[in-house]
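Observations on the model geometry
Residues per chain are reported as follows:
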Amino acid sequence: MNEIVKQRHEILSLLYSARQVEKRLKPGYLTESDISDACGECSFNLGVLIELGHIKQDGFKYRITGSGVEKCEQQSE
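Note that the structure is a prediction, hence the values are computed from the model and not measured. (Residues numbered from 1 in each chain as written. Predicted model: local features only at pLDDT ≥ 70, side-chain atom pairs only at ≥ 80, totals over all residues. Heavy atoms only, no water.)

Bringing the confidence of the model for the protein chain into the picture now. On average, residues of the protein chain score 91 in pLDDT, and 92% of them reach the 70 mark or higher. Mean pLDDT across the elements of the protein chain ranges from a minimum in helix 4 (residues 66-76), with 92, to a maximum in helix 3 (residues 43-52), with 97. (pLDDT = per-residue confidence, 0-100. Helix = DSSP H or I, 4+ residues; strand = E, 2+ residues; numbered from the N terminus.)

Here we take up the side chain of R8. Looking at where R8 falls in the secondary structure, it is placed in helix 1 (residues 3-20). Although R8 is buried, it forms no salt bridge, and the closest oppositely charged side chain is E51 at an N-O distance of 9.4 Å. A distance of 3.0 Å separates the side chain of R8 from the side chain of N45, its partner in a polar contact. In this structure, R8 is in contact with F44, N45, V48 and L49, ignoring residues within four places of it in sequence. (Buried < 20%, exposed > 50% of the residue type's maximum accessible area, 1.4 Å probe, protein only. Lys, Arg positive; Asp, Glu negative; His and termini not counted. Salt bridge = Lys/Arg side-chain N within 4 Å of Asp/Glu carboxyl O. Polar contact = N/O pair within 3.5 Å; in protein donor to acceptor, adjacent residues only side chain to side chain. Contact = heavy atoms within 4.5 Å.)

Let us look at the nonpolar core. Counting residues in each nonpolar core, the largest one holds 16 residues, and the members touching the most others are I11, L15, I35, L46, I55 and I64. When contributions to this core are tallied by element, the ones reaching two or more residues are helix 1, helix 2 (32-39), helix 3, strand 3 (61-64) and helix 4. (Core = buried A, V, L, I, M, F, W, Y, C linked by side-chain atoms within 4.5 Å.)

Quick look at the pairing of strand 2 (residues 55-58) now. Bridge count for strand 2 against strand 3 is 4 bridges, and the pairing is antiparallel. Paired with Q57 across the bridge in strand 3 is Y62. (Pairing = 2+ DSSP bridges.)

What follows concerns the pairing of strand 3. Where strand 1 (residues 30-31) lies against strand 3, 2 bridges are found, and the strand directions are antiparallel. In the sheet register, L30 faces strand 3, and the bridge partner there is Y62. Counted along the chain from strand 2 to the antiparallel partner strand 3, the turn is 2 residues long, and its residue G59 has a positive phi close to 70°.

Here is the structure:
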């Protein structure tokens, strides 16, 4: 698996974890800064994941979608 693909999986896993611990007032979003701190420079991969429908963006915050959850779970098998 090349580094770009590996980073997309890391981003999905990070957002998957954030959504799992979601609370009523905290909707499972992470900031671009949080993601970059955990995964390195990732603006290219964030754009790709948005285009694929695996994550959604709200300003500088990102959240995994249902499609992204399925993709993350498939990659973990």
